[in-house]
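# Working through the structure, step by step
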Amino acid sequence: MKIDMVFDYEMGNDLASNIQALLSECFQEDFPKNRIYFKQLPHFRFVAFNEKNQLVGQVGIDYRVMNLNGDPIRVLGLIDLCVSQNIRSQGIGSMLLLEIEQFCCNRNIDFLLLFADNKTLYLKNGYRSVTNKCKWLKIDHESQSTRGIGYEEIEGLMIKEVGKYDWREGDLDFLGYLY
């Protein structure tokens, strides 16, 4: 297994096509068919390849400042982590999460943050569910246009502390779109 870091602006057409196929396979009708992102391009991705150099997993990464109860925090957001359906439960998702955690070492990152429908993988890897009232920029993923500002608790919010701060319940302003 090999995991690479790739920036979307440097990505070749072959890899982009393979990522799009993997995202479509994993997220089926929910994922747009003509692109490799849902609402916004990630800053970079970790991509996993098997011994035959075939793409078997990926996760998008977004780095930004958010506001937690009036305090700025530095967050690495995990976007659309997925593993090819025919090789799930072989540790590839955990390997991608470990790669992200190792990437955070000695970097100015306070928290890893994601949304999950199925929390099993993340709980197994030290993430925890949190309940915060979130504020975010609503983006219509089909028309790729701004719809307004959302403000509510969102099911599936999970974090992992990787810096020196403890997470606190309360208000979380994404200062941008949801992952």
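Keep in mind that this is a model prediction, so the values were computed, not measured.

## Here we look at the overall build of the protein
What the protein contains, in helices and strands, is three helices and ten strands. Going from the N terminus to the C terminus, the protein shows its helices and strands as β-α-β-β-β-α-β-α-β-β-β-β-β. Relative to its length of 179 residues, the protein is compact, with a C-alpha radius of gyration of 16 Å against a globular reference of 16 Å. Excluding contacts between residues fewer than 6 apart, the proportion of contacts in the protein whose partners are at least 24 apart in sequence is 67%. Here the protein has roughly 9700 Å² of accessible surface; of this, 45% comes from carbon and sulfur atoms.

## Brief notes about the state of the cysteines
One pass over the full model with this rule turns up zero disulfides. Between C26, a cysteine without a disulfide, and C82, which holds the nearest cysteine sulfur, the sulfur-to-sulfur distance is 4.0 Å. Between C105, a free cysteine, and C104, which holds the nearest cysteine sulfur, the sulfur-to-sulfur gap is 7.3 Å. Residue class for C105 comes out partly exposed when judged on its relative accessible area of 48%.

## A short note on the nonpolar core
One recurring pattern in soluble globular proteins: nonpolar side chains tend to sit buried together. In terms of nonpolar packing, the biggest core is built from 25 residues, with F46, L78 and I100 touching the most fellow members. When contributions to this core are tallied by element, the ones reaching two or more residues are strand 2 (44–49), strand 3 (55–68), strand 4 (71–83), helix 2 (92–104) and strand 5 (111–115). Looking at this core element by element, the count peaks at six residues for helix 2. Setting aside residues up to four positions removed in sequence, F46 forms contacts with I3, D4, M5, G57, Q58, V59, I61, L96, E99, I100 and F103. One finds V130, W136, I139 and L172 within the second-largest nonpolar core, a separate group that totals 19 residues.

## Details of unusual backbone geometry
In terms of backbone geometry, most residues other than glycine have negative phi values and most peptide bonds are trans. In this structure, N106 is a non-glycine residue whose phi angle is positive, near 60°. In this structure, N106 sits in the loop between helix 2 and strand 5. Phi is positive for Q144, close to 55°, though the residue is something other than glycine. Among the secondary structure elements, Q144 is positioned in the loop between strand 7 (132–140) and strand 8 (145–153). Judged by its relative accessible area of 34%, Q144 falls in the partly exposed class.

## Notes on helix 1 (residues 13–27)
In a regular helix each residue adds 1.5 Å, so 15 residues correspond to 21 Å; helix 1 covers 21 Å between its end C-alpha atoms and thus fits that length. Within the sequence span of helix 1, burial applies to L15, I19, Q20, L22, L23, S24 and C26. Those residues of helix 1 hidden inside the fold are in contact with strand 1 (2–6), strand 2, strand 3 and strand 4. Phi turns positive, to about 45°, at Q28, one or two residues after helix 1.

## A look at the UniProt feature "domain: N-acetyltransferase" (unreviewed entry) in the protein
UniProt records the feature "domain: N-acetyltransferase" (unreviewed entry) at residues 4–163, using the numbering of this structure. Within the segment residues 4–163, helix and strand shares are 21% and 41% respectively, and the terminal C-alpha atoms sit 23 Å apart.

## Re the packing of aromatic side chains
A full pass over the atoms with the stated rule returns ten aromatic pairs. With a centroid separation of 5.9 Å and an interplanar angle of 20°, the aromatic rings of F115 and F174 are classed as stacked. Taken together, the residues F115 in strand 5 and F174 in strand 10 (residues 170–177) connect sequence positions 59 residues apart. On the basis of relative accessible area, F115 is assigned to the partly exposed category, the value being 22%.

## A few points about helix 2
In this model, helix 2 (13 residues) spans 19 Å end to end at C-alpha, consistent with the 18 Å of a helix rising 1.5 Å per residue. Looking at helix 2, one finds that the buried residues are I92, G93, S94, L96, L97, I100, F103 and C104. Its buried side turned inward, helix 2 meets strand 1, strand 2, strand 3, strand 4, strand 5 and helix 3 (120–124). At the C-terminal side of helix 2, N106 shows a positive phi close to 60°.

The rules we used
- Residues numbered from 1 in each chain as written.
- Predicted model: local features only at pLDDT ≥ 70, side-chain atom pairs only at ≥ 80, totals over all residues.
- Heavy atoms only, no water.
- Helix = DSSP H or I, 4+ residues; strand = E, 2+ residues; numbered from the N terminus.
- Rg over C-alpha atoms; globule rule 2.2 N^0.38 Å.
- Contact = heavy atoms within 4.5 Å.
- Areas by Shrake-Rupley, 256 points an atom, 1.4 Å probe, with all protein chains shown as cover.
- Disulfide = S-S within 2.5 Å.
- Buried < 20%, exposed > 50% of the residue type's maximum accessible area, 1.4 Å probe, protein only.
- Core = buried A, V, L, I, M, F, W, Y, C linked by side-chain atoms within 4.5 Å.
- Expected span 1.5 Å × (residues − 1).
- UniProt positions renumbered as here; feature names shortened; annotations may be inferred.
- Phe/Tyr/Trp six-rings, centres within 6.5 Å; stacked < 30°, edge-to-face > 60°.

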